[in-house]
Each structure stands twice: as structure tokens, then as C-alpha cells.
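# Fold and geometry: a report
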Amino acid sequence: MRSIRHFFEQSWLLIAASFFFGLLIAITNAALSPKIEQNRNSKLNELAGGLLPDATAFTPIAETIEIQALDGKQQRLVVYRATTGDRTAGWVFQVVGSGFADKIELVVAVDAAFATIAGFDVLASNETPGFGDQIKYSYYRDQFKGAPTDGLTLVKGGDPTTIDAQIVAITGATVSSTAVVRAMDHYLPQIKTQLQQKGLIGHGN
Amino acid sequence: MATDSDGQTCVYKNTLLAGLWRENPVLRLLLGMCPTLAVTAAVKPAFTMGMCVVFVLVCSNVMVSLMRNMLKPHLRILMFTLTIATFVTIADLLLKAFQPDMSAALGPYVPLIIVNCIIIARAEACASKNPILLSIVDALSMGAGFTVALCVLAGIREVLGTGKFFDIQVMPKAFVPWAALSMPVGAFLTLGFLLGLVALITKKRS
Amino acid sequence: MDTVYLLITGFLSVVLINNLVLTKFLGICPYLGVSGRIDMAFGMGLAVTFVMTLSGTLTWLIDHMVLIPLGLEVTRYVCFILVIASAVQLVEMYLRKFFPPLYDSFGIFLPLITTNCAILGLCLFLNLWGIDSLLEAVVLSVGGGIGFTMAICIMAGIRENLRMVDVPECLQGAPITLITAGILSLAFMGFAGII
């Protein structure tokens, strides 16, 4: 009996404070979580809206898409359907490539038939400033706008303005350029097959 | 403050000034080095980090000061940690809600404020011994000192590393950015030379 | 085979490329403070590796077994720091009781470790990197500790020699250590891209 009393004498403040702090966190979380959720969506909408300017809404599809990541793990991917009115304008999803120093997170948009890439944007990367981080700049990114979704190759020289399956590497940042192309080549065909199996896009082309 | 006796006013004034230079947490006491180096590639994240630290510092100092007479000595550090962790969680939620870009940029360095030695040092050295008002003044002064040091460091790194200040181009077009300053190496070198400069100034004054 | 390859690359990445001290700036305080003597530095490194492995594994388990299933991710930071603090306390008591020689060699560093940001930092990075297998979490925790030990020992070695060098007066102490760390981090950048 005495030991229990001793325990409470010593720790009542700790116990009271834990309850109080728990309550404080719960209140803040309850007040702010809708706003945080909204921010997360608007960030993706903003990036995706830049890639698919025609689209008016982005909604995650109900079907689960299972893909194999670059490191061989199975993972679940959320694919967003971009719509203009009732018509599907394209598909948007987030993939992760393996860059020079760390992971590169990309948001990729493709057209409604999954035939050509509409564009990509870098969500997060840790590439060397001045070299690898040039993958964020438009002269590299623009090469992907309209490029086919399967079989991209990286070339060292060439004309970056022509739109084809050949992507011209950034001078001094071959690893980062390769990382983007490899991520595209790895993920896009998988997602395409999955969407075809689920009957969301046609089997044509 | 002025209504108090002269000695009292003096204490407040001293506390207020201490954090900015004499006991500047970063430049003089070398506390909280981890965020100092990690988030100072640009001024905006550095300033945001500074504000987060001010928020956590003020809240935890108030809390600790309120319960200073009830603290059991051996559970003291645990109480401090719990208080700080709670307010850091709240700061993190606030940042996610109102500054989502900054929250993404600062990443794990926001929760790492929990183990920032400045906050626990102030709780131990000041708030657990002094009344609320003095604890708040102390928190504000230390927080301001931390923020200023971070912004100076970030200012140097951003202007020379990218040619911008607060995301606005300030250097002439012909200026070639010293990209190395935006990388980890830039953080170490700039802080090293800044501390050297502070040591030089202190020596000249005395 | 794939798993082994994954573990090896993960280990190398956390030791060399994403070294906690030199690229993530974690654990700088002990790095500046204790790295004057190489044997002290090694003791500190061992203690950190030990606690890091323990707390990295524990926090990963708690995160995946308790917090995520219950949807309590918001209390993650509070839980993590409490787990780390209690792990340190337990290790300290255990060592003092059962392995006094070991306690004498690195026990004195243990209380310092609770506020070592490398430990909490690693736990948070495990969460951020989306590590989803226990084995990988353990390997990365050990790697993080070894990376810390390596960085702090290299630094201690350099500082032992630095004592015989004529450093400008205003740069003595912390400034020259930071500048040395900068050059080291530049050297470690060379490892980027090996995986």
C-alpha cells in the first residue's frame, strides 16, 4: 500500500501532464488535420494541373494498382484520373527513381490512352545543386512532353527539341538524367499493363 | 517592467540582450548545431526554423516555469522532454497546415527540435528556477539570437550559393553561383569561418 | 539474393553516401565536443551504435505494430523520444549491473546520448525512407551507428594531428573543426553515385 502511495506521490505530475499533453495534441490534430489533408491534395493538384492544363479535376481511382518498385519490392500505387468534364484527360501518379545521392520523387502525367507522356515534375530530390538538379529545369523536362510511354532511351548528344523516344542527357549530370529515364521505363509499362487489365484504357496501339 | 524596481528592470534587460550576443546560443555557446547546419541553404527555411524554435521555446519555458515548484528532481529531465516533444508535435502540425512547402523542405529537422540542446538547456538553466515573465523574456531573447544567427548564415549561403536572397535575385546576371555553398560542405565552411570571425571580434573588444 | 543485395546497398548508402554526420548534420554536438582523442571517440561511437541499433529497431516496431494500425501517427515524436530515453536508461542500468568493465569503458557517454540528435534523427529517417521490413530497419540502424563511429574517429585522428599545427588564433577550437568537417564532407561526396 505504501509503495503505491509513494509511486503516486512521485509521479502524479508526470501522469497528469501526460494526460494534459495528450489532450493538447489531440485537439490540435483534430483542428488541423482537414487543412493538412487539403494541402496535400492541392499540392498534387497544382503540380498535376501544370502538367495537364486541360484537366479540371483529379480523383484517385478505386482499383488497386500493384507494381514492382525499382528495388524489387511490391508496392501499391495510387493513380489519379484527370478529367475534363466527363471525359478522361489523362492519368497522374507518383513514382520514385534512384538518383545520384538519394531518391528522386517524380509526378508523372500521361495522356488518356497511355500512349504518350504529358510531362513530369520533380516532387523531391537531393541531387547536386548546379548539376543533377537540372532535371527540374524545363529544357530537360520538355523533352518528355509528348514522348512515348514505352522504350525511352538516353543519348549523350542530339537535338533536345525534337520529341521522340530519345532523351538527351544533361551534361555533367548523366546519372540524374539516367535515373529519370530509368524510372519512366521501369514504371510506365507496368502501370499501363495494369490499367489495361482493369479495363480502364483500351488495348489499342 | 518599468514599474518594478531598477534592479528588476536590469535583470530583464540583461536577459533580453544576453541571447542576442553575449550568450548567443549558436555563435557563442555552440548549442543546436544540427538545424544550424542543415536548414541554412536558404533564408526562408532558416527563418521558419527559427520561428518554430521560438514557439517551442516560449511554450516549454512557460510550462516548465508553471510547474517548477512541483518538479521531482529525478523526473525533471523526463518532464522537460515530454513538454518539448508535445509542443514540437504541435509546431509540426501548424507548419503542415499553414506552411506546407516549408514543412516539406524542413522535413525531419522539425521533429529534431526535440533534441535541440538550446531548449532543454533553457528549461534547466532558466525556466525551472524563475517566474513566468522572466522565462518568457529569456525564451524570446534566446530564440531571437538563434533565429538571427541562422538567418545570417543562411543569407551568406543563399546569396553566394544561388545569387538570390529570400528567393529574389540580388546578384548580377554575370555572377556565377558558388554551388558548393548550397551543399553540406558549404554549411560547415561558412559556420566555421563565421565562428572564427566572432572569435576575432570578441578578442578585439576585450 | 535480391534481399541481400538490397541490404548491402542500403548499408553502404547509410554509412558512406548519406552519412548521418557529414551529410545530414546529425550528432554534430558530440562530434565537436568529444572528438579530441581517438579512444574516447571510439568509445562514444560504440555507445551510439549500440543505442542506435536498439532504438532504431524498437521505434520501427512500435511505429509499425502500434502507431500505424491504430492511426496514432500524430504522437510519433513523443513516443520515439520516450522510447529512446528509456532505452538509454535501461542499457545504462543493465551494463552497470552485469558488465562493469564495459560500463567503465563507454558507460559515461550513455546519458549524453539521449539528447544526441543522431539517434532520433535515424529513427525519423527510417520512417521517412519508408522502410517496411524489420531486417532492413536493423541493418540501417547498425549502418547509421557505424557511419557515426567512422566519422567521429576520422575526425579525432585529424584533430590529434591538428594539435601540432599552427592554426590562426581566431580559428582554434570549434571553427577549425567545422572547416575540417566541411572538407571531410566534400571527400564523402565522392561516394555518391557508387550505388
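Residues numbered from 1 in each chain as written. Chains lettered and ligands numbered in written order. Predicted model: local features only at pLDDT ≥ 70, side-chain atom pairs only at ≥ 80, totals over all residues. Heavy atoms only, no water.

### Description of the overall build of chain C
- Of regular secondary structure, chain C possesses 9 helices and 0 strands.
- Secondary structure of chain C in N-to-C order comes out as α-α-α-α-α-α-α-α-α.
- For a compact globule of 195 residues, the expected C-alpha radius of gyration is about 16 Å, and chain C comes in at 18 Å, within 12% of that figure.
- When its C-alpha atoms are laid out on the principal axes, chain C stretches across 60 × 45 × 35 Å.
- Residues counted as buried form 54% of the 195 residues belonging to chain C.
- Considering only contacts in chain C between residues 6 or more positions apart, those separated by 24 or more positions represent 78%.
- In the structure as shown, chain C presents an accessible area of about 8,500 Å², 71% of it carried by carbon and sulfur atoms.
- Here chain C holds 7 positive side-chain charges and 11 negative ones, and the gap between their average locations is 8 Å. (Helix = DSSP H or I, 4+ residues; strand = E, 2+ residues; numbered from the N terminus. Rg over C-alpha atoms; globule rule 2.2 N^0.38 Å. Buried < 20%, exposed > 50% of the residue type's maximum accessible area, 1.4 Å probe, protein only. Contact = heavy atoms within 4.5 Å. Areas by Shrake-Rupley, 256 points an atom, 1.4 Å probe, with all protein chains shown as cover. Lys, Arg positive; Asp, Glu negative; His and termini not counted. Charge placed at Lys NZ, Arg CZ, Asp CG, Glu CD.)

### Quick notes on the interface of chain C and chain B
- With 34 residues of chain C at the interface, the matching set in chain B holds 36 residues.
- Summed over both partners, the interface of chain C with chain B buries about 3,000 Å², with 86% contributed by carbon and sulfur atoms.
- Connecting chain C to chain B are 1 salt bridge.
- Note that Lys203 of chain B and Glu169 of chain C form a salt bridge whose closest N and O atoms lie 3.8 Å from each other.
- Inspection of the region where chain C meets chain B yields 3 residue pairs in polar contact (both at pLDDT 80 or more). (Buried area = accessible area lost by both parts, 1.4 Å probe. Salt bridge = Lys/Arg side-chain N within 4 Å of Asp/Glu carboxyl O. Polar contact = N/O pair within 3.5 Å; in protein donor to acceptor, adjacent residues only side chain to side chain.)

### Side note on the side chain of Gln134 of chain A
Residue and element names in this part refer to chain A.
- By secondary structure assignment, the location of Gln134 is in the loop between strand 7 (117–124) and helix 2 (138–141).
- On the basis of relative accessibility, which here comes to 13%, the residue Gln134 falls in the buried class.
- Once residues within four sequence positions are removed from consideration, Gln134 is found in contact with Tyr139, Tyr140 and Ile170.

### Quick notes on a nonpolar patch on the surface
Residues and elements named next belong to chain B.
- Together, Leu16, Leu17, Leu20, Trp21, Val148, Val152, Ile156, Leu197, Leu200 and Ile201 line one region of the surface with nonpolar side chains, adding up to about 800 Å² of accessible area.
- For the nonpolar patch, the secondary-structure elements that each account for two or more residues are helix 1 (6–22), helix 7 (132–162) and helix 8 (184–205).
- The element that contributes the greatest number of residues to the nonpolar patch is helix 1, accounting for 4 residues.
- With respect to the helices and strands, Leu20 occurs in helix 1. (Patch = residues over 30% accessible without salt bridge, like charges linked within 9 Å, V, L, I, M, F, W, Y side chains within 5 Å.)

### Re the UniProt feature "transmembrane region" (unreviewed entry) in chain C
Residues and elements named next belong to chain C.
- The residues that UniProt annotates with the feature "transmembrane region" (unreviewed entry) are residues 6–29, 41–62, 74–95, 107–131, 137–158 and 170–194.
- A helix fraction of 100% and a strand fraction of 0% characterise residues 41–62, whose end C-alpha atoms lie 31 Å from each other.
- Across residues 137–158, helical content stands at 100% and strand content at 0%; the span's end C-alpha atoms are separated by 32 Å. (UniProt positions renumbered as here; feature names shortened; annotations may be inferred.)

### Topic: the pattern of salt bridges
Residue and element names in this part refer to chain B.
- For the coordinates displayed, the defined rule picks out 8 salt bridges over all chains.
- Salt-bridge contacts for Glu124 lead to Arg76; the nearest nitrogen and oxygen are separated by 2.9 Å. Residue Glu124 is found in helix 6 (residues 117–127), and its partner Arg76 is found in helix 4 (residues 76–98); the two are separated by 48 residues along the sequence.
- Asp138 is paired through a salt bridge with Arg122; the nearest N and O atoms lie 3.0 Å apart. Taken as a pair, Asp138 in helix 7 and Arg122 in helix 6 lie far apart in primary sequence, 16 residues in all.

### Focus: the packing of aromatic side chains
- One pass over the full model with this rule turns up 14 aromatic pairs over all chains.
- For the ring pair Phe20 of chain A and Phe21 of chain A, a centre distance of 5.8 Å and an interplane angle of 50° mean the geometry is tilted.
- Among the residues examined, Phe20 of chain A registers a relative accessible area of 40% and is labelled partly exposed.
- Note on Phe21 of chain A: relative accessible area 3%, which makes it buried.
- Here Tyr140 of chain A and Phe144 of chain A contribute two aromatic rings whose centre-to-centre distance is 5.5 Å and whose plane-to-plane angle is 70°, an arrangement assigned as edge-to-face. As far as the burial class goes, Tyr140 of chain A and Phe144 of chain A line up, both buried.
- Each member of the aromatic cluster is reached from another via a ring pair, and the members are Phe20 and Phe21 of chain A together with Phe87 of chain B.
- Over the face of the ring belonging to Phe98 of chain C we find Lys97 of chain C, whose NZ or CZ atom lies 5.5 Å from the ring centre. (Phe/Tyr/Trp six-rings, centres within 6.5 Å; stacked < 30°, edge-to-face > 60°. Lys NZ or Arg CZ within 6 Å of the ring centre and 35° of its normal.)

### Here's the deal with the sheet that holds strand 7 of chain A
All names here are of chain A.
- What the 5 strands build is an open sheet, ordered 1-4-5-6-7; its pairing is antiparallel. The open sheet terminates on both sides in strands that have one partner only, identified here as strand 1 (57–60) and strand 7. Pairs of neighbouring strands in the sheet enclose a mean axial angle of 25°, with direction left out of account.
- Here strand 1 pairs with strand 4 (residues 80–84) via 4 bridges, running antiparallel. Within strand 4, the residue paired with Pro60 across the bridge is Tyr80.
- Contacting strand 1, strand 4, strand 5 (87–98), strand 6 (103–111) and strand 7, helix 1 (residues 2–51) runs over the sheet at an angle of about 145° to strand 7.
- Relative to the sheet, helix 3 (residues 174–197) contacts strand 5, strand 6 and strand 7, its axis offset from that of strand 5 by approximately 135°. (Pairing = 2+ DSSP bridges. Axes fitted to C-alpha atoms, helices over the stretch in contact; angles between N-to-C directions.)

### Here's the deal with the state of the cysteines
- Enumeration over the complete set of coordinates arrives at 0 disulfides over all chains.
- Cys52 of chain B supplies the cysteine sulfur nearest to Cys151 of chain B, a cysteine that is in no disulfide, at a spacing of 12 Å.
- No disulfide involves Cys79 of chain C; its nearest neighbouring cysteine sulfur is the one of Cys123 of chain C, lying 12 Å away. (Disulfide = S-S within 2.5 Å.)

### Topic: the interface of chain A and chain B
- With 21 residues of chain A at the contact, the number on the chain B side is 25 residues.
- Of the roughly 2,000 Å² buried between chain A and chain B on both sides combined, carbon and sulfur atoms contribute 82%.
- Where chain A touches chain B, the interface holds 0 salt bridges.
- Taken together, the connections running from chain A to chain B amount to 2 residue pairs in polar contact (both at pLDDT 80 or more).
- Here the residues of the side of chain A that touches chain B are counted per class, giving 11 nonpolar, 7 polar and 3 charged. (Nonpolar A, V, L, I, M, F, W, Y, C, P; charged D, E, K, R; others polar.)

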